[in-house]
2 protein chains.
Amino acid sequence: MEFPSTPFDDSNISKEREVGGRIDKRKQIEGEVKEYKSKNLIPERNRRQKLNERLLELRLLVPNITKMTKETIITDAITYIRELQTNVNSLSEQLLEMEATHAEELETKNEEIIDKWGIQPEVQVAQIGTTKLWIKIVCQKKRGGFTKLMEPMNVIGFDLNDTSVTASKGALPVTSSVEVVRSGITEANQIREILLEIIRGIQRN
Amino acid sequence: MEFPSTPFDDSNISKEREVGGRIDKRKQIEGEVKEYKSKNLIPERNRRQKLNERLLELRLLVPNITKMTKETIITDAITYIRELQTNVNSLSEQLLEMEATHAEELETKNEEIIDKWGIQPEVQVAQIGTTKLWIKIVCQKKRGGFTKLMEPMNVIGFDLNDTSVTASKGALPVTSSVEVVRSGITEANQIREILLEIIRGIQRN
DNA sequence: ATGCACACGTGACAC
DNA sequence: TGTGTCACGTGTGCA
């Protein structure tokens, strides 16, 4: 990284360079030695210095500097800001688009799977009492599927009461309140897995 | 949107304001009326004007301006640039991360599906000659699956030669060169769909 | 020599 | 009253 040119500097400050060519000339003309200083002099010097410091700081922040002129520093900063703004815009656009396509792709994949393999079985199990469960099952409708689903549950040791089956197109939602009659299994998640396996078996055959 | 304060302006240019307090004083002192103008005067005016224009342009580009001071314009621009830079960084990071998680999620979903339903059947069909096809099938390995796959193909009217079956764990890759003996179906994609349906039927039962 | 960029000191002006 | 910001014209050095 090399700077294109020498920057402006304040190193001449209070050097004995004939600054502004002002004081000295006046001295020559008037023949006086009265060194008048404006009360503004020092604050103004500080102001200029601070401004230049800020300018250098800005220059440090902006890459691809062409020249070290005050004007070009600002101009380059302007183009750089524009660049950054468009970058931010395009990036957030990409992000949103990607989010959308992501969701869409997942949806497409789900549809594709349903199309190929039928509805993905869904099982919720909630333990109500010590021996009581609430179960919700959604699986693909199939000929004789309901009895095929109920049979193994009896085998496992579940006693169903208050079972509601709402027939919908393609899907078979079942909610049931279950009394666990003879079974050591009481952990909801475990029961859920077992039911899922049963349903998959039915759905495959 | 309201500007916080009056901007600096160049409207005083060439007004009869005792600029710099310089010329007039000199006139008073020397008693002459010679209106000396530095050759630098006009270019310097233009330079200042351009610089201020740039400064205003910069100010226009930066939101959340606190004051209209030259220094604050630059300072605000600096903080704004920093802000934009961090924005760009975080956005591109998010983008990359999202890309990664996206791919990962799809992969997870695929694995999940394979775990639940077995390998997704994959069929490629390429027509070589008028009655010759090249077929590649990858499906889940199953007991008696191969013969179950071959039978219906004979029924459809395919005559298999140069069939290669490479047994792999879980998967059953089959590549085959097929002579279409008695069948009106010659469109590759159509054949592909039929084969897929057959495989799905096998995989379900 | 010609133009350009700069720092300088100053008066004016606003708050 | 001061305190801060500005535009101005200028002299200087650099390319």
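Residues numbered from 1 in each chain as written. Chains lettered and ligands numbered in written order. Predicted model: local features only at pLDDT ≥ 70, side-chain atom pairs only at ≥ 80, totals over all residues. Heavy atoms only, no water.

K.L.:
Honestly, the overall build of chain A in this entry has me stumped. Any pointers?
P.N.:
Check the secondary structure of chain A and you find five helices and four strands. Across chain A, helices and strands are ordered from the amino to the carboxyl terminus as α-α-α-β-β-α-β-β-α. When each of the 205 residues of chain A is scored for burial, the buried share is 30%. Across chain A, contacts joining residues at least 24 apart in sequence account for 53% of those joining residues at least 6 apart. Summed over all atoms, the accessible surface of chain A reaches about 13,000 Å², with 51% contributed by carbon and sulfur. (Helix = DSSP H or I, 4+ residues; strand = E, 2+ residues; numbered from the N terminus. Buried < 20%, exposed > 50% of the residue type's maximum accessible area, 1.4 Å probe, protein only. Contact = heavy atoms within 4.5 Å. Areas by Shrake-Rupley, 256 points an atom, 1.4 Å probe, with all protein chains shown as cover.)

K.L.:
How should I be thinking about the pairing of strand 1 (residues 122-127) of chain B in this particular structure?
P.N.:
Both faces of the sheet carry side chains from a regular strand, because those side chains alternate between them. All names here are of chain B. Where strand 1 and strand 2 (residues 132-140) come together, six bridges link them in antiparallel fashion. In the sheet register, Val-125 faces strand 2, and the bridge partner there is Ile-135. The turn linking strand 1 back onto strand 2 is made up of four residues. (Pairing = 2+ DSSP bridges.)

K.L.:
What exactly am I supposed to notice about the sheet that holds strand 3 (residues 158-165) of chain B here?
P.N.:
Sheet strands pair by backbone hydrogen bonding; their relative direction is either parallel or antiparallel. All names here are of chain B. Here we have four strands laid out as an open sheet, ordered 1-2-4-3, and antiparallel in their pairing. The open sheet has two edge strands, strand 1 and strand 3, and neither has a second partner. Between one strand axis and the next, the sheet turns by 20 degrees as a mean value, whatever way the strands run. For strand 2 and strand 4 (residues 171-180), the ladder comprises nine bridges, and the chain directions are antiparallel. Across the sheet, Lys-136 pairs through a bridge with Thr-175, a residue of strand 4. Across the sheet, helix 4 (residues 145-156) is in contact with strand 2, strand 3 and strand 4; its angle to strand 3 comes to roughly 155 degrees. (Axes fitted to C-alpha atoms, helices over the stretch in contact; angles between N-to-C directions.)

K.L.:
Would you mind showing me how to read empty space enclosed by the protein here?
P.N.:
The method is simple in principle: a probe with the dimensions of a water molecule rolls over the atoms, and the space it marks as empty is what remains. All names here are of chain A. Within the structure shown, the criterion is met by five cavities of 30 Å³ or more. Computed from the structure, the largest cavity encloses a volume of approximately 70 Å³. Contributing to the lining of the largest cavity are Cys-139, Gln-140, Lys-142, Gly-145, Leu-149, Ile-199, Ile-202 and Gln-203. The set of elements that each furnish at least two residues to the lining of the largest cavity consists of strand 2 (132-140), helix 4 (145-156) and helix 5 (188-204). Ranked by the residues each element gives to the lining of the largest cavity, the list is headed by helix 5, at three residues. Here the residues of the lining of the largest cavity are counted per class, giving four nonpolar, three polar and one charged. (1 Å grid on protein atoms, 1.4 Å probe; cavity = no way out; pocket = protein on both sides within 12 Å on 5 of 7 lines; lining within 4 Å. Points joined across faces, edges and corners; volume = space filled by probe spheres on them. Nonpolar A, V, L, I, M, F, W, Y, C, P; charged D, E, K, R; others polar.)

K.L.:
I would appreciate a short explanation of the pattern of salt bridges in the present structure.
P.N.:
Summed over all chains, the structure comprises twelve salt bridges over all chains. Between Arg-54 of chain A and Glu-71 of chain B there is a salt bridge whose closest N-O contact spans 3.3 Å. Residue Arg-54 of chain A is located in helix 2 (residues 41-61), and its partner Glu-71 of chain B is located in helix 3 (residues 70-117); the two belong to separate chains. In this structure, Arg-192 of chain B and Glu-193 of chain B form a salt bridge, with 3.6 Å as the shortest nitrogen-oxygen distance. You can call Arg-192 of chain B partly exposed: its relative accessible area is 28%. According to the relative accessible area criterion, Glu-193 of chain B is partly exposed, its value standing at 44%. Each of Arg-54 and Glu-57 of chain A together with Glu-71 and Arg-82 of chain B takes part in one network of salt bridges that share partners. (Salt bridge = Lys/Arg side-chain N within 4 Å of Asp/Glu carboxyl O.)

K.L.:
Could you clarify how one ought to interpret the environment of Val-174 of chain B in this entry?
P.N.:
Residues and elements named next belong to chain B. Its place among the elements puts Val-174 in strand 4. As for Val-174 and Ser-164, which are separated by ten residues in sequence, their C-alpha atoms are 5.8 Å apart. Not counting the four nearest positions on each side in its chain, Val-174 is found in contact with Ile-135, Lys-136, Ile-137, Phe-146, Thr-163, Ser-164 and Val-165.

K.L.:
Explain the nonpolar core to me, please; I cannot follow it from the model alone.
P.N.:
Most often, soluble globular proteins keep nonpolar side chains buried together rather than apart. Counting residues in each nonpolar core, the largest one holds 36 residues, and the members touching the most others are Leu-58 and Ile-81 of chain A together with Leu-58 and Ile-81 of chain B. Contributing elements (two or more residues each) for this core: helix 2 and helix 3 (70-117) of chain A together with helix 2 (41-61) and helix 3 of chain B. When neighbours within four sequence positions are excluded, Ile-81 of chain A is seen to be in contact with Leu-58, Leu-61, Val-62, Tyr-80, Ile-81 and Leu-84 of chain B. (Core = buried A, V, L, I, M, F, W, Y, C linked by side-chain atoms within 4.5 Å.)

K.L.:
Honestly, the environment of Glu-193 of chain B in this entry has me stumped. Any pointers?
P.N.:
Turning to its location among the elements, Glu-193 of chain B is positioned in helix 5 (residues 188-204). In the structure, Glu-193 of chain B is positioned 69 residues away from Gln-124 of chain B in sequence and 9.8 Å away in space, judged by C-alpha atoms.

K.L.:
It is not clear to me how unusual backbone geometry should be interpreted in this structure. Could you clarify?
P.N.:
Glycine aside, the phi torsion of most residues is negative, and most peptide linkages are trans. At Asn-64 of chain A, a residue that is not glycine, the phi angle is positive and equals roughly 55 degrees. Its place among the elements puts Asn-64 of chain A in the loop between helix 2 and helix 3.

K.L.:
Honestly, the sheet that holds strand 4 (residues 171-180) of chain A in this entry has me stumped. Any pointers?
P.N.:
Residues and elements named next belong to chain A. Reading across from one edge, 1-2-4-3 is the order of the four strands in this open sheet, with antiparallel pairing throughout. The outermost strands of the open sheet, each flanked by one partner alone, are strand 1 (122-127) and strand 3 (158-165). Along the sheet, successive strands turn relative to each other by an average axial angle of 20 degrees, direction set aside. Here strand 3 runs beside strand 4; their pairing, made up of six bridges, is antiparallel. Along strand 4, the bridge assignment pairs Val-165 with Val-174. Of the strands in this sheet, strand 2, strand 3 and strand 4 are in contact with helix 4, which crosses strand 3 at around 155 degrees.

K.L.:
What exactly am I supposed to notice about the side chain of Ser-177 of chain A here?
P.N.:
Its place among the elements puts Ser-177 of chain A in strand 4. On the basis of relative accessibility, which here comes to 13%, the residue Ser-177 of chain A falls in the buried class.

K.L.:
Got a minute to help me understand the confidence of the model for chain A in this structure?
P.N.:
As a general rule, the predicted coordinates of low-pLDDT regions are not to be interpreted in detail. Residues and elements named next belong to chain A. Confidence along chain A averages 77 in pLDDT terms, with 79% of residues attaining 70 or more. When mean pLDDT is compared element by element in chain A, helix 2 scores highest at 92, while helix 1 (residues 23-30) scores lowest at 35. Taken together, the stretch residues 1-6 has pLDDT below 50 and engages in seven contacts with residues farther than four places along the chain or on a different chain. Note that pLDDT drops below 50 for residues 10-33; the model gives that stretch 22 contacts with residues more than four away or on any other chain. (pLDDT = per-residue confidence, 0-100.)

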